[in-house]
Amino acid sequence: MHIPDGFIPYWQCAIYYVILIIALYFASRWARNNLDEKRIPLMAVLAAGIFAIMSMNLPIPFGTSGHMVGGTLVAIVFLAPEAAILVFTVVLLIQALLFGDGGITALGANVLNMAIIGGGVGLLTFKGLKNFIGKYPAIGIGAWLATFISAEFCAIEMIIAGKFPLIIGLTSMGILHAFIGIIEAVLTVIVIYVLEKYRPDLLAWNRKRKSNELVI
Amino acid sequence: MEKGNKYLIIMGIVLCIVIACLSPFLASADPDGLEKSAEDSALSEDAAVSVVESPFPDYTLGDSKLGEIVALIIGIVITITLGFGVAYIVKKHD
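- Under an unreviewed UniProt entry, the name given to chain B is Cobalt transport protein CbiN, and the source organism is Methanobrevibacter curvatus.
- According to the UniProt record, the Subcellular location (unreviewed entry) comment for chain B is "Cell membrane".

- Chain A appears in an unreviewed UniProt entry as Fused nickel transport protein NikMN from Methanobrevibacter curvatus.
- Under the Subcellular location (unreviewed entry) heading, UniProt states for chain A: "Cell membrane".

**A few points about the overall build of chain B**
Okay, step 1: A count of helices and strands for chain B gives three helices and zero strands.
Okay, step 2: For chain B, the succession of helices and strands along the chain, N to C, is α-α-α.
Okay, step 3: Taking 12 Å as the expected radius of gyration for a compact globule of 94 residues, we find that chain B reaches 18 Å, considerably beyond that expectation.
Okay, step 4: When its C-alpha atoms are laid out on the principal axes, chain B stretches across 55 × 30 × 25 Å.

**Regarding helix H2 (residues 40–53) of chain A**
Okay, step 1: Along its 14 residues, H2 of chain A runs 20 Å from first to last C-alpha, staying within 8% of the 20 Å computed at 1.5 Å per residue.
Okay, step 2: Where burial is concerned, most of H2 of chain A is hidden: 14 out of the 14 residues are buried.

**Describing the UniProt feature "transmembrane region" (unreviewed entry) in chain A**
Residue and element names in this part refer to chain A.
Okay, step 1: The positions UniProt marks with the feature "transmembrane region" (unreviewed entry) are residues 7–28, 40–60, 72–98, 104–126, 138–160 and 166–195.
Okay, step 2: Segment residues 7–28 splits into 86% helix and 0% strand. End C-alpha atoms: 29 Å apart.
Okay, step 3: End C-alpha to end C-alpha, residues 40–60 measures 35 Å, and it is 67% helix and 14% strand.

**Concerning the packing of H2 of chain A against helix H4 (residues 81–98) of chain A**
All names here are of chain A.
Okay, step 1: Between H2 and H4, the shortest axis-to-axis distance is 10 Å and the interhelical angle comes to 45 degrees. The pairing of H2 with H4 is recorded here as oblique in orientation. In this structure, H2 meets H4 at a crossing whose hand is right-handed. On H4, the residues touching Met-43, Leu-46, Ala-47, Ile-50 and Phe-51 of H2 are Ala-83, Val-87, Val-90, Val-91 and Ile-94.
Okay, step 2: Here the contact of H2 with H4 is built from residues that sort into ten nonpolar, no polar and no charged.

**A closer look at unusual backbone geometry**
Okay, step 1: Although it is not a glycine, Leu-79 of chain A sits at a positive phi angle of roughly 50 degrees.
Okay, step 2: Position of Leu-79 of chain A relative to the elements: it lies in the loop between helix H3 (71–78) and H4.
Okay, step 3: In this structure, Ala-42 of chain B takes a positive phi of about 55 degrees despite not being glycine.
Okay, step 4: In this structure, Ala-42 of chain B sits in the loop between helix H2 (33–40) and helix H3 (65–90).

**A look at the nonpolar core**
Okay, step 1: In terms of nonpolar packing, the biggest core is built from 99 residues, with Ala-47, Val-87 and Val-111 of chain A touching the most fellow members.
Okay, step 2: A per-element tally of this core places helix H6 (residues 135–160) of chain A first, with 14 residues.
Okay, step 3: What Val-87 of chain A contacts, discounting residues up to four positions off in sequence, is Met-43, Leu-46, Ala-47, Ile-50 and Val-74 of chain A together with Gly-83 of chain B.

**A few points about the UniProt feature "transmembrane region" (unreviewed entry) in chain B**
Okay, step 1: The sites that UniProt annotates as "transmembrane region" (unreviewed entry) are residues 7–27 and 69–90 of chain B.
Okay, step 2: Spanning residues 7–27 of chain B, this segment combines 95% helix with 0% strand, and its end C-alpha atoms are found 28 Å apart.

Rules behind the numbers
- Residues numbered from 1 in each chain as written.
- Chains lettered and ligands numbered in written order.
- Predicted model: local features only at pLDDT ≥ 70, side-chain atom pairs only at ≥ 80, totals over all residues.
- UniProt positions renumbered as here; feature names shortened; annotations may be inferred.
- Helix = DSSP H or I, 4+ residues; strand = E, 2+ residues; numbered from the N terminus.
- Rg over C-alpha atoms; globule rule 2.2 N^0.38 Å.
- Expected span 1.5 Å × (residues − 1).
- Buried ≥ 20, exposed ≤ 12 C-beta atoms within 10 Å, placed from the backbone.
- Axes fitted to C-alpha atoms, helices over the stretch in contact; angles between N-to-C directions.
- Parallel < 35°, antiparallel > 145°, perpendicular 65-115°, else oblique.
- Left-handed = near helix turned anticlockwise from the far one by under 90°.
- Contact = placed C-beta atoms within 7 Å.
- Nonpolar A, V, L, I, M, F, W, Y, C, P; charged D, E, K, R; others polar.
- Core = buried A, V, L, I, M, F, W, Y, C linked by C-beta atoms within 7 Å.

Laid out in structure tokens, this is it:
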């Protein structure tokens, strides 16, 4: 889902950069209030893990491949899409400058899709469903929906850029990412399950519960 | 740093390096979702350009599998370092 340079006209890239700057303002404000020193290593390790897993493209139907993105993972671990914005700005900047994966001019659009939309949709879906279907199914559906919706946002950006036709763009991105979303769902559930098993203290949902109990 | 976080970092880096070693052999070379949609949209392959010249284009270093592994490991080290740096700058100040 990494948009390269050249797909989006520069004036539109500028708009996405403005969104990125506003997002980074809110993300740093979140960090100043919530990111304690104990969870810094987790954030750094998640960034490296996301960088690594993005190299592991798995085959899906139609001679296509896809990899985990991780926006939902970061947003649920910290219960904040702001955390995903920080992590993805770092990862996507490195990928754009050093590895030619995703354009530097498209950085704003790529953070918008993968972190703001991806993290936001994943977290909201999780929060909305967890009390009805349980934590892990809610994570899986959140991760799948995050992949699907962010792909459609990416398609819309490409349509606005005049690169994809409306129907073909939405259909093609939608169908392919419906499959890629399965990869995202399975891996997101596994990583959060492992963290819950070995380092439950790092997951924001365990901290929230504790502070609520104190309040009650 | 507390012991649990040292363990987290070590396990995290080990897992990333395992992925880096497997990826060049296992990862699918098929176009990804966006590339395939660009094909479906009959978008010319020349549409994608590079504004900056990256030192490791497409995660390669030379044209060997070993080079790909090295490029990925360099990326992992830079990402975790910058991740620490950014998180440390924006962290909660008591």
